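# Structure assessment
Single-letter residue listing:
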Amino acid sequence: MNPTNKSYHRNIYLLLLLALIPALLITGCGTSAPQAAAPAVEASPSPEAVANTDYAGKMVVYVNSYHEGYPWSDGIETGLHTILDGTGVELKIIRLDTKQNPDVAFGESAGAKAWAEIQTLNPDVVIASDDNAQKYLIVPFMKDGSIPVIFNGVNWDASAYGFPTSNMTGMIEVELPDQLVELLKAYANGERVGYITVDSETERKVVDIYNQRFFNGQMITYWVTNQQEFKDAFLKAQDEVDILIMGNNAGSSDAWDEAGMTQFVNENSKVPTGSINDWMAPYSLLTLAKSSQEQGEWSAQTALSILGGTPPSEIPVAENKKGQLIVNLDLAEKLNVVFAPSLLKTATILGE
C-alpha cells in the first residue's frame, strides 16, 4: 500500500461517509442539513494473533511520544492492554514527554535516553507512537535495525521518515476534515474555513496537509500557546470564518480549565464548529473522531504476529478506519440546530 495515495484515502472516507448519509437530519442557521449517520465502526484489518500461544518471556516496549494524561496516547495504551494483557507478554512503557517539552534539544535527549533503555531491556518488539518518537528515536537509532518496530500515529505519510523498512510496519493516521466541513456547511452562512490549535510541530504538519490536500491553501489558521490565546482566537474567528475546526488543546503552556472553556464556547459561539479529536467534542457542534484505541489494538495484534514468527516486512502498512460521531446538544441549542431522533439513537450525545 502506498500511504501517500490521495485517492486511496478519499475512497476509504467516501465509503465511510456513505454510511453517514441515511440517519442524520439537521436544521440550523435557517437551512436543512443532509442526512447522515455515525460512521460504521469496522475493525481495521489486522494480523491474526497466533492462536493458543503462550508469549511468556516475551517483551514489548511501547514508546509514547508524549506523557501520561494526554488523551490520544492514553487511548493507544488502553488498546495495547486490551490485546496484550493475559497473553504472557511483558509490556514496558517509555514516555518521551515531548508535548510538554517541545524543544528539539529535549526531544533529542529523550530519544537517546529511550534508546539506552531499550538496549538494556532488549525487547522482542518496539511499538512507537506519533511523530516525535519516530523523529527522535526510531530514525536515528532503530531504522533498519535488528529489533522489529511497529509505528502508529504518524499523520498521513510515513515516507518522510523513510518508512517502512525491513524491520518495521505500522499504521498511518488519516482523518476526514473535508467531510467534516461538508457536514458543517449546512449550518454555515458561507464557506470560509478556520482552524484553531496549539502551536506544535505535529499541528503544523497537520495544517500543511489540510491546506494542501483539502482546502487549496485557503484555510485560515489561528495558532495559540495557552488557554487565553485560544479564547482570544476563538472570538476573532467568529467574525472571520464561517466554519471553525477545533484542532488540539494539548500542549498549551498552562493548565486547561475544561469547565471554563466549555462555558466560554457555549456563550460565544456564532459559527458551527467541528473536530476530529474526541477530547475537543465539548467545544464542537459535531465531532467525527478517529480512535486512538484502534491504533493500539492493531499494533498489539501486529506485535503478537511478529512474536509468532511473521516478519514485519510481510505485514502491510495499514490505515485507521474506525470513526465515532459525537453531537453536542448544548451548542446545537446555541446555534438553533435541531438533530433528528434517528441521529440521537446512533451518535454519542453531549449535553441535554
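Residues numbered from 1 in each chain as written. Predicted model: local features only at pLDDT ≥ 70, side-chain atom pairs only at ≥ 80, totals over all residues. Heavy atoms only, no water.

## A short note on the sheet that holds strand E10 (residues 243-246)
Pairing is mixed across the open sheet formed by seven strands, whose spatial order is E9-E8-E10-E11-E12-E14-E16. Each end of this open sheet is capped by a strand with a single partner; those strands are strand E9 (220-224) and strand E16 (348-350). When the angles between neighbouring strand axes are averaged without regard to direction, this sheet yields 20°. In terms of strand pairing, strand E12 (residues 286-289) meets strand E14 (residues 324-328) through four bridges, oriented antiparallel. Each residue of the ladder has a partner; that of Thr287, found in E14, is Ile326. Along the sheet, helix H6 (residues 201-213) contacts strand E8 (193-198) and E9; its crossing angle with E8, the most-contacted strand, is approximately 165°. Contacting E8, E9, E10 and strand E11 (273-275), helix H7 (residues 227-240) crosses the sheet at an angle of about 165° to E9. (Pairing = 2+ DSSP bridges. Helix = DSSP H or I, 4+ residues; strand = E, 2+ residues; numbered from the N terminus. Axes fitted to C-alpha atoms, helices over the stretch in contact; angles between N-to-C directions. Contact = heavy atoms within 4.5 Å.)

## Some words on the pairing of strand E7 (residues 168-173)
Each regular strand displays side chains that alternate between the two surfaces of the sheet. With six of its six residues buried, E7 lies for the most part within the structure. Of the two faces of E7, the one carrying Met168, Gly170 and Ile172 and the one carrying Thr169, Met171 and Glu173 are both buried. Here strand E6 (residues 149-155) runs beside E7; their pairing, made up of six bridges, is parallel. Looking at the pairing, Asn152 lines up with Met171 of E7. Summarising the sheet, E7 and strand E13 (residues 318-319) pair through two bridges and their orientation is parallel. Residue pairing across strands places Ile172 opposite Glu319, the latter belonging to E13. (Buried < 20%, exposed > 50% of the residue type's maximum accessible area, 1.4 Å probe, protein only.)

## Quick notes on helix H2 (residues 71-84)
Relative to the 20 Å expected for 14 residues at 1.5 Å per residue, H2 spans 20 Å between its end C-alpha atoms, a close match to the ideal helical length. Directly after H2, the chain includes Gly86, whose backbone phi takes a positive value near 90°. (Expected span 1.5 Å × (residues − 1).)

## Considerations on the pattern of salt bridges
For the coordinates displayed, the defined rule picks out twelve salt bridges. One salt bridge connects Lys135 with Glu201, and the closest N-O pair in it is separated by 2.8 Å. Of the two residues, Lys135 sits in helix H4 (residues 130-142) while Glu201 sits in helix H6, which places them 66 residues apart along the sequence. On the basis of relative accessibility, which here comes to 45%, the residue Glu201 falls in the partly exposed class. Here Lys290 ties to Glu173 by a salt bridge, and the two come within 2.2 Å at their closest N and O atoms. Here the residue Lys290 occupies a position in the loop between E12 and helix H9 (292-307), and Glu173 occupies one in strand E7, the gap between them amounting to 117 residues. Residue Lys290 is classed as buried on the basis of its relative accessible area of 11%. Salt bridges linked by common partners bring Glu173, Glu175 and Lys290 together as one network. (Salt bridge = Lys/Arg side-chain N within 4 Å of Asp/Glu carboxyl O.)

## As for the packing of H4 against H6
Interhelical geometry of H4 versus H6 gives an angle of 115° and a closest axis separation of 9 Å. On the basis of their axis angle, the class for H4 and H6 is roughly perpendicular. Here H4 and H6 pass one another in a crossing that is right-handed. Of H6, the residues touching H4 (which contributes Asp131, Asn132, Lys135 and Tyr136) are Glu201, Thr202 and Lys205. Across the contact of H4 with H6, the residue classes tally to one nonpolar, two polar and four charged. (Parallel < 35°, antiparallel > 145°, perpendicular 65-115°, else oblique. Left-handed = near helix turned anticlockwise from the far one by under 90°. Nonpolar A, V, L, I, M, F, W, Y, C, P; charged D, E, K, R; others polar.)

## Things to note about empty space enclosed by the protein
Following the criterion strictly, the structure yields three cavities of 30 Å³ or more and no others. Here the largest cavity defines a volume of roughly 180 Å³. Listed by contribution, the elements that provide at least two residues to the lining of the largest cavity are H4, E6 and H6. A breakdown of the residues in the lining of the largest cavity according to their chemical character gives seven nonpolar, six polar and seven charged. (1 Å grid on protein atoms, 1.4 Å probe; cavity = no way out; pocket = protein on both sides within 12 Å on 5 of 7 lines; lining within 4 Å. Points joined across faces, edges and corners; volume = space filled by probe spheres on them.)

## A word on the packing of aromatic side chains
Taken as a whole and judged by the stated rule, the model has twelve aromatic pairs. Judged by centre distance (5.8 Å) and plane angle (65°), the ring pair of Tyr70 and Trp279 falls under edge-to-face. Of this pair, Tyr70 sits in the loop between strand E3 (59-64) and H2 while Trp279 sits in the loop between E11 and E12, placing them 209 residues apart in sequence. Note on Tyr70: relative accessible area 5%, which makes it buried. A residue is classified by how much of its surface remains accessible, and Trp279, at 14% relative accessible area, is buried. Here the aromatic rings of Trp156 and Phe214 are separated by 5.6 Å at their centres, their planes lie at 55°, and the arrangement is tilted. With Trp156 in the loop between E6 and E7 and Phe214 in the loop between H6 and E9, this pair connects stretches of sequence that are 58 residues apart. The same class applies to Trp156 and to Phe214, which are both buried. (Phe/Tyr/Trp six-rings, centres within 6.5 Å; stacked < 30°, edge-to-face > 60°.)

## As for the nonpolar core
Val63, Ile118, Ile196, Tyr210, Leu244, Leu285 and Leu286 are the most contacted members of the largest nonpolar core, which has 100 residues in total. A per-element tally of this core places H9 first, with six residues. If we ignore the near neighbours within four places in the chain, the residues touching Ile118 are Val61, Val63, Ile94, Pro123, Val126, Leu137, Met142 and Ile147. (Core = buried A, V, L, I, M, F, W, Y, C linked by side-chain atoms within 4.5 Å.)

## Points about helix H5 (residues 177-185)
Owing to its 3.6 residues per turn, the α-helix aligns residues three or four sequence positions apart on the same side. The buried fraction of H5 amounts to seven of the nine residues, a majority that puts the element mostly inside the structure. Along H5, the residues that are buried comprise Pro177, Asp178, Gln179, Leu180, Val181, Leu183 and Leu184.

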